[in-house]
Amino acid sequence: MVKFDLIAVIPARLGSSRVKRKVLQDISPGVSLLKNKIDQLAKVLPKRNIIVNTESREIAQHVEKEGVNIHFRDPYYAEAHKASWSELIVHVVSPIDATHVAWTPCVCPFFDEIEFMESFDNYEEHVINGNYDSLVSVTSLRSFIWDNEKALNYSHGKDFTYSQDLPAWFEVTNGNYMASKEIMLSHAYVLGDKPYLDIRSQKCKIDIDTTTDLKLARAFSQI
């Protein structure tokens, strides 16, 4: 279990522009994305240290039996693109009674308890007892990347770059962001100026944004 003062918050808005009622969609039979995330976090944190933040009474009813805390957000912060991302973060984080906060979206269903425990350990080592002010979970990116005009990370001519020789680039997983409450409020963001890159396994990059993502994730969960 975590030894420092930490609250994990799961943002859970009922509306979604691409996947209807996304957080309540099942990732496996009878287990919604939201319940899946609660179950994962509850293996490494006391349930009293887990908050589901939502505008929805329906979501609250689903969560009540799980034994975690529910914080209601003003509906203004639940309507897409009405409030800014920074406004939402300040609104969600302000009432949290903890020194440190983990922002843990449920849309990354395979960021599991093992990944969380390793991330929390890295936060304690590199942020609380180290030289960083926050933590962002990432995966290694080994892809050939272009913008509209040119290759950005490799040579595509006669000096072609092999994938194993690509530079070390990283992709944010959207599974876990951590900082002190003070940092999140002062920056109006989930990270500070000097985040530690917490490298996670490739399964953590699976992020439910579309119905195709959901179908693929359901298939992956059966493996």
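In case you missed it, the structure is sitting above this.
Definitions and limits used
- Residues numbered from 1 in each chain as written.
- Predicted model: local features only at pLDDT ≥ 70, side-chain atom pairs only at ≥ 80, totals over all residues.
- Heavy atoms only, no water.
- Helix = DSSP H or I, 4+ residues; strand = E, 2+ residues; numbered from the N terminus.
- Rg over C-alpha atoms; globule rule 2.2 N^0.38 Å.
- Contact = heavy atoms within 4.5 Å.
- Patch = residues over 30% accessible without salt bridge, like charges linked within 9 Å, V, L, I, M, F, W, Y side chains within 5 Å.
- Areas by Shrake-Rupley, 256 points an atom, 1.4 Å probe, with all protein chains shown as cover.
- Salt bridge = Lys/Arg side-chain N within 4 Å of Asp/Glu carboxyl O.
- Buried < 20%, exposed > 50% of the residue type's maximum accessible area, 1.4 Å probe, protein only.
- Lys, Arg positive; Asp, Glu negative; His and termini not counted.
- Polar contact = N/O pair within 3.5 Å; in protein donor to acceptor, adjacent residues only side chain to side chain.
- Phe/Tyr/Trp six-rings, centres within 6.5 Å; stacked < 30°, edge-to-face > 60°.
- Lys NZ or Arg CZ within 6 Å of the ring centre and 35° of its normal.
- Pairing = 2+ DSSP bridges.
- Right-handed = clockwise from strand over helix to strand, strands pointing away.

Peer 1: Lay out the overall build of the protein chain in plain terms, naming residues and giving numbers.
Peer 2: The helix and strand tally for the protein chain stands at six helices and nine strands. What you see for the protein chain is a C-alpha radius of gyration of 18 Å, in line with the 17 Å of a compact globule of 223 residues. Overall, the C-alpha framework of the protein chain stretches about 60 × 40 × 35 Å when taken along its three principal axes. The contacts of the protein chain with a sequence gap of at least 6 include a subset with a gap of at least 24, amounting to 70%.

Peer 1: Which residues make up a nonpolar patch on the surface, and what are the values?
Peer 2: Residues Phe144, Phe160 and Tyr162 make up a contiguous nonpolar surface patch of roughly 320 Å² in combined accessible area. Counting through the fold element by element, phenylalanine 144 comes out in the loop between strand E7 (134–141) and strand E8 (169–180). We classify phenylalanine 144 as partly exposed; its relative accessible area is 38%.

Peer 1: Please give an account of the side chain of arginine 73 that cites residues and values.
Peer 2: When you line up the elements, arginine 73 lands in the loop between strand E5 (69–72) and helix H3 (85–93). Within the buried set, arginine 73 has no salt-bridge partner at all; the shortest N-O distance to an opposite charge, 4.8 Å, is to glutamate 55. At a separation of 2.7 Å, a polar atom in the side chain of arginine 73 contacts the side chain of asparagine 53. For arginine 73, the contacting residues outside a window of four places in its chain are Pro11, Ala12, Arg13, Asn53, Thr54, Glu55, Ala78, Leu88 and His91.

Peer 1: Which residues make up the packing of aromatic side chains, and what are the values?
Peer 2: Scanning the model with the defined rule gives eleven aromatic pairs in all. A connected cluster of aromatic rings, assembled from ring pairs, spans Phe144, Tyr154, Phe160 and Tyr162. Its guanidinium or amino end placed over the ring of tyrosine 132, lysine 194 lies 5.3 Å from that ring's centre, counting from NZ or CZ.

Peer 1: Can you break down the pairing of strand E4 (residues 50–54) residue by residue, with the values?
Peer 2: Counting buried positions along E4 gives five out of five residues, so the element sits mostly inside the fold. Neither face of E4 is open: one carries Ile50, Val52 and Thr54, the other Ile51 and Asn53, and all of them are buried. Where strand E1 (residues 6–11) and E4 come together, four bridges link them in parallel fashion. Each bridged residue has a counterpart across the sheet, and for proline 11 the counterpart in E4 is asparagine 53. Bridging between E4 and E5 involves four bridges; their strand directions are parallel. Residue isoleucine 51 lies in a different strand from E5, and its bridge partner there is asparagine 69. After leaving E4, the chain enters helix H2 (residues 57–64) and then returns to the sheet as E5, a path that is right-handed.

Peer 1: Before we move on, could you go through the pattern of salt bridges and cite the residues and values that matter?
Peer 2: Applying the stated criterion to the full structure yields twelve salt bridges. Across the pair arginine 21 and glutamate 58 runs a salt bridge, and its minimum N-O distance is 2.3 Å. Of this pair, arginine 21 sits in the loop between E1 and strand E2 (26–28) while glutamate 58 sits in helix H2, and the two are 37 residues apart along the sequence. Between lysine 203 and aspartate 112 there is a salt bridge, and its shortest N-O distance comes to 2.8 Å.

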